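Fold and contact review
Okay, here's what each chain looks like letter by letter:
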Amino acid sequence: MEEVSELLELAMLYDFYGELLKEHNKRVFEDYILNDFSLSEIADTEGITRQGVHDIVKRCSKQLRGYEAKLHLVEKFNKTKKCVERIQELLQNSYATGNPALIKEAQGLTEEILNGL
């Protein structure tokens, strides 16, 4: 389960920062993380060793995590996503109950999102 969680994390980091990787490294990382190719398959395709593929994947993972540590784009995205989901929930409940406090809370969340951008 932990391996799946790490793959999801790396895929998300790649979505945000993948374009910052060197083209060759990007291709290798994408094949391993997103396309689920084995180290051997990638090594054969790229004309390098399995160890070389492993090293590239580890290096790229470290780079992507470093970008996130400095820029926090994934963190901001997840926070914004949670706020939007909560706004949707509040608005649905406010329509059902007619409670103006829920609309006020939704407005507060929209301000929080806008201020965070």
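Structure first, text after, so check above.
First things first, this report covers the structure right here in the doc. None of these values were measured; they are calculated from a predicted model.

Rules and cut-offs
Residues numbered from 1 in each chain as written. Predicted model: local features only at pLDDT ≥ 70, side-chain atom pairs only at ≥ 80, totals over all residues. Heavy atoms only, no water. Patch = residues over 30% accessible without salt bridge, like charges linked within 9 Å, V, L, I, M, F, W, Y side chains within 5 Å. Areas by Shrake-Rupley, 256 points an atom, 1.4 Å probe, with all protein chains shown as cover. Salt bridge = Lys/Arg side-chain N within 4 Å of Asp/Glu carboxyl O. Helix = DSSP H or I, 4+ residues; strand = E, 2+ residues; numbered from the N terminus. Buried < 20%, exposed > 50% of the residue type's maximum accessible area, 1.4 Å probe, protein only.

Before going further, it helps to examine a nonpolar patch on the surface. Together, Phe16, Leu71, Leu73 and Phe77 make up an exposed nonpolar region whose accessible area comes to about 330 Å². Along the chain, the position of leucine 73 falls in helix α5 (residues 73–97).

A few words now on the pattern of salt bridges. This model, assessed by the stated rule, comprises seven salt bridges. Linking arginine 65 and glutamate 9 is a salt bridge whose minimum nitrogen-to-oxygen distance equals 3.1 Å. Of this pair, arginine 65 sits in helix α4 (residues 50–71) while glutamate 9 is found in helix α1 (residues 2–17), placing the two residues 56 residues apart along the sequence. A salt bridge links glutamate 105 to arginine 86, with the nearest nitrogen and oxygen atoms 3.4 Å apart. Note that glutamate 105 is positioned in helix α6 (residues 100–116) and arginine 86 in helix α5, a separation of 19 residues in sequence. Note on glutamate 105: relative accessible area 37%, which makes it partly exposed. Given a relative accessible area of 29%, arginine 86 falls into the partly exposed group. Through salt bridges with shared partners, a single ionic network connects Glu6, Glu9 and Arg65.

These figures come from the coordinates and say nothing about function on their own.
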